[in-house]
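As a plain string of letters, each chain reads:
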Amino acid sequence: MSELHKNLIDGEWVGTEGIDNINPSNTNEVIGVYARATADETRTAIAAAKAAFSAWSRSGLLERWGILSKTAHEIFARKDELGRLLSREEGKTLAEGIGEVTRAGQIFEFFAGEALRLAGETIPSIRPGVGVEITREAVGVVGIITPWNFPIAIPAWKIAPALCYGNTVVFKPADLVPGCSWAIADILHRNGLPKGVLNLVMGKGSVVGQTILDSADVDAVTFTGSVGTGKRVAEASVKAMRKFQLEMGGKNPTVVLDDADLKVAVETVTQSAFFSTGQRCTASSRIIVTEGIHDAFVEALSERIRGLKVGDAIALGTEIGPVVDASQLKQDVDYIAIGKQEGAKLVVGGELVHHDNPGFFLRPALFTEATNHMRISREEIFGPVASVIRVKNYEEALATANDTEFGLSSGIVTSSLKYATHYKRNAQAGMVMVNVPTAGVDFHVPFGGTKGSSYGPKEQGKYAVEFFTQVKIAYTAAG
C-alpha cells in the first residue's frame, strides 16, 4: 500500500482517501497515491489563506527572499529526482523533465530577487507642499489552477510571483499530475512558509476548482487550461468582481518561406510540433509553406519524423514520450481520422506504437494537402499531429497564419530581414519566433497571447507584477 500524499491546508497535511498517479509510459506502474480534497476542505483552505493574508502581505522582504531562494536551491539540488518524477507522471522525456524542473528553480530564484526589488514612485503634486506616493500592494487570496502539460513550471510561474508580492494562495493542480505540485508545496512548507500562506488542494475540477470559483473570499484567479474551462473561470470571476487571468488554447502557425535554410526549417518545425509529444499550448500544428520549398521541406521533415524514437519517457534515447492518458490518446487518434476524412494526406506516422509495457504511445503524424478551413487546421488537437498548408507567397502565408481565433505563438523561418521584420510586426500573436521553435520561451520574459488564447496581464518576468498586485496612490501634505 503506497503512502498517501495529503493536501496542505493551514500548515497541516490533510486527507484520508486518494487516487493512483499512473505512469503513461507503463500503466502498470503506480507512481504514488494522492489525496483528493473535498469542497469543505477547499473552503477551509480558502479561509486559512484569508486569515494568513494580513501578516504575509506585511512580511519582511528578507523573509520572502529567504523562503523563495531556499526553495529554488532545493529544486536545483533535486532536479534529477524531480525531473524523473515529472517524466514518469506526465510523459515528457527525461531530458525535457529535468529541463522543466531547472526552469522552475530559475523562476523561484528570479522572484526571490524580485522580492528585494519591490519599488514605487514618489512624484510631486500640482499642489505646493503635497507629495504623491505610488506603490503596489498584494491583491489578496489568489486561486491558482494549473494544467497537466507543464506540471512544475506553470505552478512555479504562478506561485512564485504570488508569494513574492505578498499574496496568499489556494493551489489546485491538474488531477493527472499531482506529484510535482505536491513536491513544490512540500518544499515551500519545509523551507519556512508560514501556515495558511500556501494551501494545496488536489482533486477534481468540478469539486475543488468550482469551490474556488464560487468563493467570495478569493480575490483573484489565475488559470491555465482549456478554452471551455477558461470561459467558466471568466464568467464566475466577473460575477464575483475579482481579477482573473487566463492562458488557454493555441493553433500556432510556423511559416516556412522559400529562402529558409532547409535544415533550420526542419529542426524548428520538428521541435515546435512534436517535442513534448506536441502537448504544449505553444506547439506549432499548422505548418504554412510557400510552394518553392514545399516539396523538399515535406520530404526532409518526413524523413526526420520517421527517425524519431518513440518510447518510455525515461528510457535512454527516447525523443518522443507517451501521450498523457487514454482520453488524450483517443482525441489524437480521432483527429487523425478526421484529417483523413477531410481529404488531407497522412504522409507519415499516426499509428500506435507498442512496447513491452502498456502505455499511450503514438508516432508523430504529418498531414499534407491540408487547407486552413479543415478541422485539423482550426481546432487544437494537443498532440503530436501537424498539418502542412501550401501557399503561393509570403502575403498568403501571413494571411493564413493570422486566420485563426487563437493568438498565442507564431513563427517564421526565413533568411530575409525584410520578411522577418514585417512578420514580427504583423503576426497576430502575443509571441513571435523567427528561426526558433514556437514552443521555446525564457523564464525571465513575459508570456502570453492575444485573441482567444489569453486574457489579462502577461505572466512571468517583471510583467507578473501587473496581475499579482494592485496600485495604491497616497497624497501627503506636510504638517
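J.: Could you clarify how one ought to interpret the overall build of the chain in this entry?
T.: Scanning the chain for helices and strands turns up 15 helices and 23 strands. Relative to the compact-globule value of 23 Å for 479 residues, the chain shows a C-alpha radius of gyration of 23 Å, a close match. For the chain, the spread of C-alpha atoms along the three principal axes comes to 75 × 65 × 40 Å. Each of the 479 residues in the chain was classed as buried or not, and the buried ones make up 57%. Of the accessible surface of the chain, which amounts to about 19,400 Å², a share of 53% is contributed by carbon and sulfur atoms. Within the chain, one finds 48 positive and 54 negative side-chain charges whose respective centroids are separated by 4 Å.

J.: Explanation requested: the environment of A474 in the structure shown.
T.: Of note, A474 is situated in strand 23 (residues 469–477). It is 9.6 Å that separates the C-alpha atoms of A474 and T122, two residues lying 352 residues apart in sequence. Those residues within four positions of A474 in sequence are excluded, and the remaining contacts are G131, V132 and E133.

J.: It is not clear to me how the pattern of salt bridges should be interpreted in this structure. Could you clarify?
T.: Opposite charge on two side chains permits pairing when their charged atoms draw close. Inspection of every chain in the model, using the stated rule, returns 24 salt bridges. Across the pair E137 and K472 runs a salt bridge whose closest N-O atoms are separated by 2.9 Å. Of this pair, E137 sits in strand 7 (residues 130–138) while K472 sits in strand 23, placing them 335 residues apart in sequence. Judged by relative accessible area, which is 39%, K472 ranks as partly exposed.

J.: Please clarify how helix 3 (residues 79–90) should be interpreted in this entry.
T.: Side chains of residues three or four places apart in an α-helix project in the same direction, reflecting 3.6 residues per turn. In a regular helix each residue adds 1.5 Å, so 12 residues correspond to 16 Å; helix 3 covers 16 Å between its end C-alpha atoms and thus fits that length. Among the residues making up helix 3, those that are buried are L82, G83, L85, L86, S87, R88, E89 and E90. If you follow the buried residues of helix 3, they end up packed against strand 4 (18–23), strand 5 (26–35), helix 2 (61–77), helix 4 (94–115) and helix 6 (178–190). Downstream of helix 3 by one or two residues, G91 has phi in the positive range, about 105°.

J.: I keep staring at the sheet that holds strand 23 and nothing clicks. Help me out?
T.: Strands belonging to one sheet form pairs held by backbone hydrogen bonds; the direction of such a pair is parallel or antiparallel. One open sheet holds the three strands; their spatial order is 6-7-23, and the pairing between them is antiparallel. Both edges of this open sheet fall to strand 6 (121–124) and strand 23, since each of them pairs with a single strand only. For this sheet, the mean angle separating the axes of adjacent strands, direction not counted, is 25°. Judged from the four bridges that link them, strand 6 and strand 7 form a sheet pairing that is antiparallel. Considered in strand 7, the bridge of E121 is made with I134.

J.: What is the right way to read the nonpolar core from this model?
T.: Nonpolar side chains in soluble globular proteins generally cluster together in the buried interior. One finds F108, F111, I159, L163, L188, L193 and L198 to be the most contacted residues of the largest nonpolar core, which totals 68 residues. Residue contributions to this core peak at nine residues, all from helix 5 (residues 153–164). Not counting residues within four places of it along the chain, the set of residues in contact with L198 comprises L8, I159, V169, F171, A185, L188 and L193. Of all hydrophobic cores here, the second largest spans 27 residues; its members include A344, A365, I381 and A397.

J.: Just checking my understanding: could you explain helix 8 (residues 227–240) for this structure?
T.: Taking 1.5 Å per residue, 14 residues should reach 20 Å; helix 8 reaches 20 Å between its end C-alpha atoms and fits that length. Of the residues making up helix 8, those classed as buried are G230, V233, A234, A236 and S237. Buried-residue contacts for helix 8 involve helix 7 (205–214), strand 11 (220–224) and strand 12 (243–247). Downstream of helix 8 by one or two residues, M241 has phi in the positive range, about 60°.

J.: I tried to follow the packing of aromatic side chains on my own but got confused; where do I start?
T.: Given two aromatic rings, their pairing is described by the distance between the two centres and the angle made by the two planes. Considering all chains together, one arrives at eight aromatic pairs under this definition. Seen in terms of ring centroids, F111 and Y165 are 6.4 Å apart; in terms of plane orientation they differ by 80°. Their pairing is edge-to-face. Taken as a pair, F111 in helix 4 and Y165 in the loop between helix 5 and strand 9 (168–172) lie far apart in primary sequence, 54 residues in all. A single burial state applies to F111 and to Y165, both of which are buried. Both rings, one in F244 and one in Y455, keep their centres 4.8 Å apart while their planes meet at 10°; by these two values the pair is stacked. Taken together, the positions of F244 in strand 12 and Y455 in strand 22 (residues 454–455) put the pair 211 residues apart, joining distant regions of the chain. Take F244: its relative accessible area is 12%, and that puts it in the buried class. Joined through ring pairs, the aromatic side chains of F110, F111 and Y165 make up one cluster. Cation over ring: R117 sits above F110, and NZ or CZ is 5.9 Å from the ring centre.

J.: When you look at the sheet that holds strand 5 in this model, what are you seeing that I'm missing?
T.: With mixed pairing, three strands are arranged side by side in an open sheet as 1-5-4. On the outer flanks of this sheet lie strand 1 (4–5) and strand 4, each paired with one strand and no other. Sheet topology note: the strand 1/strand 5 ladder contains two bridges and is parallel. Note on strand 5: the bridge partner recorded for L4 is V33. The sheet strands contacting helix 6 are strand 1, strand 4 and strand 5, and the helix crosses strand 5 at an angle near 35°.

Conventions used here
Residues numbered from 1 in each chain as written. Predicted model: local features only at pLDDT ≥ 70, side-chain atom pairs only at ≥ 80, totals over all residues. Heavy atoms only, no water. Helix = DSSP H or I, 4+ residues; strand = E, 2+ residues; numbered from the N terminus. Rg over C-alpha atoms; globule rule 2.2 N^0.38 Å. Buried < 20%, exposed > 50% of the residue type's maximum accessible area, 1.4 Å probe, protein only. Areas by Shrake-Rupley, 256 points an atom, 1.4 Å probe, with all protein chains shown as cover. Lys, Arg positive; Asp, Glu negative; His and termini not counted. Charge placed at Lys NZ, Arg CZ, Asp CG, Glu CD. Contact = heavy atoms within 4.5 Å. Salt bridge = Lys/Arg side-chain N within 4 Å of Asp/Glu carboxyl O. Expected span 1.5 Å × (residues − 1). Pairing = 2+ DSSP bridges. Axes fitted to C-alpha atoms, helices over the stretch in contact; angles between N-to-C directions. Core = buried A, V, L, I, M, F, W, Y, C linked by side-chain atoms within 4.5 Å. Phe/Tyr/Trp six-rings, centres within 6.5 Å; stacked < 30°, edge-to-face > 60°. Lys NZ or Arg CZ within 6 Å of the ring centre and 35° of its normal.

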